[in-house]
Amino acid sequence: MAEIRVEHLAKRFGDFVAVRDSSFTVRDGEFFCLLGPSGCGKTTTMRMIAGLELPSAGRILLGGEDVTMRRAAERDIAFVFQLFALYPHMNVRANIAFPLRAQGVARAEIAQRVAEAARVLRIDHLLDLPVAGLSSGDRQRVALGRAIVRRPKAFMMDEPLGALDAEFRHTMCGELRALHDRLHATTVYVTHDQSEAMAMADTIAVMNHGVIEQLAPPQEIYDRPASMYVAEFIGSPSMNFLPCVRDAAGRLLVGGAALDLPPAPTDRGELILGVRPEHVRLGAAEGPVPRARVYGVEYLGTTQIVALTLPDGTPIKARTPASLAAHVGDAFGLHLAADRLTLFAGSDGRALRWGTGLG
Ligand code: ATP
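In this text the structure is predicted, and so the values were computed from the model without any measurement.

Conventions we followed
- Residues numbered from 1 in each chain as written.
- Predicted model: local features only at pLDDT ≥ 70, side-chain atom pairs only at ≥ 80, totals over all residues.
- Heavy atoms only, no water.
- Pairing = 2+ DSSP bridges.
- Helix = DSSP H or I, 4+ residues; strand = E, 2+ residues; numbered from the N terminus.
- Axes fitted to C-alpha atoms, helices over the stretch in contact; angles between N-to-C directions.
- Near = heavy atom within 4 Å.
- Polar contact = N/O pair within 3.5 Å; in protein donor to acceptor, adjacent residues only side chain to side chain.
- Areas by Shrake-Rupley, 256 points an atom, 1.4 Å probe, with all protein chains shown as cover.
- Nonpolar A, V, L, I, M, F, W, Y, C, P; charged D, E, K, R; others polar.
- pLDDT = per-residue confidence, 0-100.
- Phe/Tyr/Trp six-rings, centres within 6.5 Å; stacked < 30°, edge-to-face > 60°.
- Buried < 20%, exposed > 50% of the residue type's maximum accessible area, 1.4 Å probe, protein only.
- Lys NZ or Arg CZ within 6 Å of the ring centre and 35° of its normal.
- Core = buried A, V, L, I, M, F, W, Y, C linked by side-chain atoms within 4.5 Å.
- Contact = heavy atoms within 4.5 Å.

Engineer: Outline the sheet that holds strand β8 (residues 187-191), supporting the account with residue identities and numerical values.
Structural biologist: Strand order in the open sheet formed by six strands is β6-β7-β8-β3-β9-β10, with mixed pairing between adjacent strands. Strand pairing shows two members of the sheet lacking a second neighbour, β6 (77-80) and β10 (211-216), which therefore form its edges. Neighbour-to-neighbour, the strand axes of this sheet turn through a mean angle of 15 degrees, independent of strand direction. Direction of pairing for strand β7 (residues 154-158) relative to β8: parallel, over a ladder of four bridges. Bridging across to β8, Asp-158 finds its partner in Val-190.

Put into structure tokens, the structure is as follows:
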């Protein structure tokens, strides 16, 4: 398929800025997710790439060619915004063939491409059935088939799994990613669901009010979030944020107790320490460590989420083995994994540093 390059893309609707100076490259063969809450500009960005919306500024290159001013039909991009949008009075074969018929492709070529798409999607046995009676999973495969037969330069998918129940969504995530790999596709995928993005993407662009806050592979976004906004959006339960200060010796103080980290006499001012629940270990409430008291326990099978509060009322969650005995009212000492911490500036929420010692 083709590489997509977006340069300084912006979109205004009157005075409202929906997308602000966005630049990124989707490599040939990459699965790229635009992730963020409702209204952050994901769909508008995708619509501009597909040619359904004209940018207010910036350029879009498809396979090295500037397509910014080209109409959608001239871009050769398949837009899969609603996988259920099928023609109910047609059978599966006719639904998949529809875009090729509209393009005037020869009969034999259509038959061959439909057969190939059906084979890739494993729905060959359904070709002569009406779509009305199909399961939701098979209907989705038919809708995907309609996108695939066009052999487009890229796929744009806008919340395609939004209408499905959680378990089936999980299965379809795996199928979509496998399909992308099989077709050596270039895919831009819009979602507000961080777990979908984490499961499928090679690269995630986390958007906030029309701006890309962070552009990185899933693991980097998880381990080294660029801001508190990103850190909170990714991970479930989300990262804990603990207000802290450095004392005169450069030690980080949380809840009045110094953390067991090498002193680093920088970053004065308001600081927030970020730690994911799985990097909080609960130990005996003794020695010079921050203490916290349990106010809730959520049992999850192999693990549990223990919700605690520090003496100043700051909440913190720990993911622990379910075998750890923790009851409401119990006191624990908090041991934070030094190599997995993030330090944020309280002033603007940007990450200052990550990892051991935070020096
Ligand atoms: P959602 O998942 O809710 O669609 P999104 O991140 O995809 O969210 P967009 O659809 O890109 O967000 O919309 C971004 C902002 O631009 C929203 O505040 C929306 O109201 C606004 N917007 C989008 N299209 C138009 C339009 N045609 N006219 C005016 N405002 C618009």
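Engineer: Just give me the short version of unusual backbone geometry, but keep the residues and values in it.
Structural biologist: Residues Ser-236 and Pro-237 are joined by a peptide bond in cis, for which omega reads -5 degrees. Among the structural elements, Pro-237 can be located in the loop between α8 (228-233) and β11 (240-246). Unlike most non-glycine residues, His-8 shows phi in positive territory, near 50 degrees. Mapped onto the secondary structure, His-8 falls in strand β1 (residues 4-13).

Engineer: Which residues make up the site of the ligand, and what values go with them?
Structural biologist: Surveying the vicinity of the ligand reveals the residues Phe-13, Phe-16, Ala-18, Pro-37, Ser-38, Gly-39, Cys-40, Gly-41, Lys-42, Thr-43 and Thr-44. Within the side chain of Ser-38, one N or O atom sits 2.6 Å away from an oxygen atom of the ligand. Contacts to the ligand include Gly-39, whose backbone N or O atom sits 2.7 Å from an oxygen atom. In the complex, the protein chains occlude 57% of the 630 Å² of accessible area that the ligand would expose alone. Those elements that provide at least two residues to the shell around the ligand are β2 (16-26) and α1 (42-50). Residues that form the shell around the ligand fall into these classes: five nonpolar, five polar and one charged.

Engineer: Which residues make up the confidence of the model for the protein chain, and what are the values?
Structural biologist: Averaged over the protein chain, the pLDDT score is 90; the fraction of residues at 70 or greater is 96%. Mean pLDDT across the secondary structure elements of the protein chain bottoms out at strand β13 (residues 257-258), with 80, and peaks at strand β9 (residues 203-208), with 98.

Engineer: I'd like a rundown of the packing of aromatic side chains, residues and numbers included.
Structural biologist: By the definition in use, this model includes five aromatic pairs. Residues Phe-24 and Phe-32 carry aromatic rings whose centres are separated by 4.7 Å and whose planes lie at 20 degrees to one another, so their mutual orientation is stacked. Taking the relative accessible area as the measure of exposure, Phe-32 reaches 0% and is therefore buried. In this structure, Arg-276 packs its charged tip against the face of Tyr-222, placed 3.9 Å from the ring centre.

Engineer: Run through the pairing of β1, naming residues and quoting values.
Structural biologist: Across five bridges, the pairing between β1 and strand β4 (residues 57-62) is antiparallel. Looking at the pairing, Glu-7 lines up with Arg-59 of β4. Counted along the chain from β1 to the antiparallel partner β2, the turn is two residues long, and its residue Gly-14 has a positive phi close to 65 degrees.

Engineer: Talk me through the nonpolar core; I want residue IDs and the actual numbers.
Structural biologist: Ranked by size, the top nonpolar core spans 46 residues in total, and within it Val-92, Ile-96, Ile-123, Val-142, Tyr-189 and Ile-204 carry the most contacts. When residues of this core are assigned to their parent elements, the largest contribution, six residues, is made by helix α3 (residues 107-121). Residue contacts for Ile-204: discarding those within four places in its chain leaves Cys-33, Leu-35, Ala-197, Met-198, Gln-214, Leu-215, Ala-216, Pro-218 and Ile-221. Judged by nonpolar contacts, the second largest core, of 25 residues, contains Ile-4, Val-19, Val-67 and Met-156.

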